[in-house]
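Close look at the chain arrangement
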Protein chains: 2
Amino acid sequence: MRPERTIQDIVQEGGKYFMPSVSLDCVIFGFHENELKVLLLKMKNMDQWALPGGFIYKDEDIEDAATRVLRERTGLHDIFLQQFKVFGLPNRSDKKHHLNIMKKDGIKVGKDHWLIQRFITVGFYALVDFAVVIPEPDMNSVSCEWHEIHSISELFMDHKDILDNALETLRLQLNHQPIGYNLLPQKFTMPELQKLYETILDKKLDRRNFQRRMNGFGFVKRLKETRKGGAHKAPFLYNFDLRKYKKALQEGLQGGW
Amino acid sequence: MRPERTIQDIVQEGGKYFMPSVSLDCVIFGFHENELKVLLLKMKNMDQWALPGGFIYKDEDIEDAATRVLRERTGLHDIFLQQFKVFGLPNRSDKKHHLNIMKKDGIKVGKDHWLIQRFITVGFYALVDFAVVIPEPDMNSVSCEWHEIHSISELFMDHKDILDNALETLRLQLNHQPIGYNLLPQKFTMPELQKLYETILDKKLDRRNFQRRMNGFGFVKRLKETRKGGAHKAPFLYNFDLRKYKKALQEGLQGGW
DNA sequence: CATTCATTGCGTCTATATGACACAATGATA
DNA sequence: TATCATTGTGTCATATAGACGCAATGAATG
């Protein structure tokens, strides 16, 4: 367990215990009300939103650092996460920007301060069950909220680029990673699963063919319950047979969408 | 253009112009005599082989740094390369090892020297036309040679892990990246293309179905020439219709292998 | 120069998968 | 009780994948 740090401690002493020049950022996906969402932070003193991120302790594995950040923002301990790209353009961070932020916090930093060096960032995407997340802002932000994926037009620094890349990765890995399993609650309906696929693929799918195909894969199990309360016919609930699901994903699901 | 550096200059002054704690390594694939090969460096004073790698200048884009390393090892200027993973375990570099190497070179370094800090490395894979590469060792190596992919059992540090990951990435991206185009010479035969696929997939494919399918994609064009000189029937030569190839790859080639 | 032989090019057949669509059943609402 | 959007199941034509047959080719052989 890593100690809690104040913002002052990190700014002044972080250079001693964090790796220099390397950060990480997380695109945390959730699925709610048939929409794909991303967890974003509203930054202090600014009218901008940013991806949750953090630094890596000098003796800490990068994946562990991502896990730590995810735990701090969501309250969850076991999260599916996947590194997907390094963002390393030399001018990706706005140094003046960072200096201003620190000035506003009343912190003075020199020109060779560790925080205003060039940083590269390792992009992770994470898949969580929306319902069990308790969003928690970090020390640089005033709020932590879900945003519908298609309503996000601009983010801090290059975070929009990171987000777009994460979504593209999700699309490419749909047949190889347990994306449905990690984004949906344990019990879900076929229309929900379909909507998830449609959102990620950004494409309409035929309801009946989708269902036939999903059942054909053999890793979703229909329960005896239905989801009552909707305005129309109550759809059956399903859950994943995790063993079969993972086995199928190892080979990669056959066929395109 | 970056200046040429001596090993002494890099060890003693590198901390001033290279990013700290970040390196890159390249898995350079080539295809020759129906075998998939990787370009490796034989390290000085050691009985070990390593991937070509390097550091990143403080004002240099990571992809540019990889391009630079690739140019230095192969003599090529336009190389297809793709970042695929960051390797960041805290203990991945063997510090004693590095100290010993420098000792042998007669270079003394302190405990907080930039080169013996923890390093994370960005893995790139590159695809080149075997025939036009002129392998060139770097300052830490005595030779630079092609190795058949399946004959490599052990490499320096975690480089075998990096190699395995690159090959796995190649497999996953076979339907999305111009892998055939970049690994084969301009003119190639259908059996050659098939062998390339079989090597990457590590799986036998039916000759006749492979050919039918490839032709069906519509991005290979059969020439009027044949490859004479083989012991048997001379197969036709083909080349890629790059426009159609890239268009097909954008959607991803349909179907599995 | 005719024969041999592994390889290549082209084609066939069948089982299966895919895409488009019809229709009845359901369950809340009016 | 009728309405209506939605869900569950099935059908049909077509496309595709996998398995395999066979003739053509071109170097090697004697």
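To start, this report covers the structure provided alongside it.

The subject of this paragraph is the overall build of chain A. Looking only at helices and strands, chain A features 8 helices and 10 strands. If one aligns the C-alpha atoms of chain A with their principal axes, the spans along those axes are about 65 × 40 × 35 Å. Counting over 257 residues, chain A shows a buried share of 51%. In chain A, the share of contacts with a sequence separation of at least 24, taken over all contacts with a separation of at least 6, comes to 74%. Within the structure as shown, chain A displays about 13,200 Å² of accessible surface, and the carbon and sulfur contribution to it stands at 48%. With 39 positive and 34 negative side-chain charges, chain A shows a spacing of 5 Å between the two charge centroids.

If you rotate chain B by 180 degrees and push it 0.0 Å along the axis, it lands on chain A with an RMSD of 0.0 Å. The superposition operator between the copies reduces to a two-fold rotation axis. Minimal C-alpha distance to the rotation axis in chain B is attained by Gly255 of chain B, lying at 2.5 Å.

Taken together, 20 residues lie around DNA strand D, and Arg207, Arg208 and Phe236 of chain A together with Arg208 and Lys233 of chain B are the ones closest in. Near the protein, meaning within 4 Å, the atoms of DNA strand D are sugar or phosphate in a fraction of 47%, with bases accounting for the rest. Arg222 of chain A has a polar side-chain atom sitting 3.1 Å from a phosphate oxygen of DNA strand D. Within the side chain of Asn209 of chain B, an N or O atom sits 3.0 Å from a base nitrogen of DNA strand D. Looking at the surface near DNA strand D, the elements that each hand over two or more residues are helix H7 (207-217) of chain A together with helix H7 (207-217) of chain B. Of all the elements, H7 of chain B adds the most residues to the surface near DNA strand D, at 4 residues. Classifying every residue of the surface near DNA strand D gives 5 nonpolar, 5 polar and 10 charged.

Glancing now at the protein's contact with DNA strand C. Close contacts around DNA strand C come from 20 residues, with Arg208, Arg212 and Lys233 of chain A together with Arg208 and Phe236 of chain B the closest. Sugar and phosphate atoms represent 45% of those atoms of DNA strand C found within 4 Å of the protein. For DNA strand C, a base nitrogen lies 2.9 Å from a polar atom in the side chain of Arg208 of chain A. At 2.8 Å from a phosphate oxygen of DNA strand C is found a main-chain nitrogen or oxygen belonging to Phe236 of chain B. Where the surface near DNA strand C is concerned, the elements lending two or more residues are H7 of chain A together with H7 of chain B.

Now for the sheet that holds strand E10 (residues 236-240) of chain B. Residues and elements named next belong to chain B. On the basis of which strands lie adjacent, the open sheet formed by 3 strands has the order E8-E10-E9 and antiparallel pairing. This sheet does not close on itself; its edge strands, each paired only once, are strand E8 (188-189) and strand E9 (220-226). Note: E8 against E10, 2 bridges, orientation antiparallel. The residue bridging Phe188 from the neighbouring strand is Tyr238, located in E10.

Rules and cut-offs
Residues numbered from 1 in each chain as written. Chains lettered and ligands numbered in written order. Predicted model: local features only at pLDDT ≥ 70, side-chain atom pairs only at ≥ 80, totals over all residues. Heavy atoms only, no water. Helix = DSSP H or I, 4+ residues; strand = E, 2+ residues; numbered from the N terminus. Buried < 20%, exposed > 50% of the residue type's maximum accessible area, 1.4 Å probe, protein only. Contact = heavy atoms within 4.5 Å. Areas by Shrake-Rupley, 256 points an atom, 1.4 Å probe, with all protein chains shown as cover. Lys, Arg positive; Asp, Glu negative; His and termini not counted. Charge placed at Lys NZ, Arg CZ, Asp CG, Glu CD. Least-squares fit on C-alpha atoms with pLDDT ≥ 70 in both. Near = heavy atom within 4 Å. Polar contact = N/O pair within 3.5 Å; in protein donor to acceptor, adjacent residues only side chain to side chain. Nonpolar A, V, L, I, M, F, W, Y, C, P; charged D, E, K, R; others polar. Pairing = 2+ DSSP bridges.

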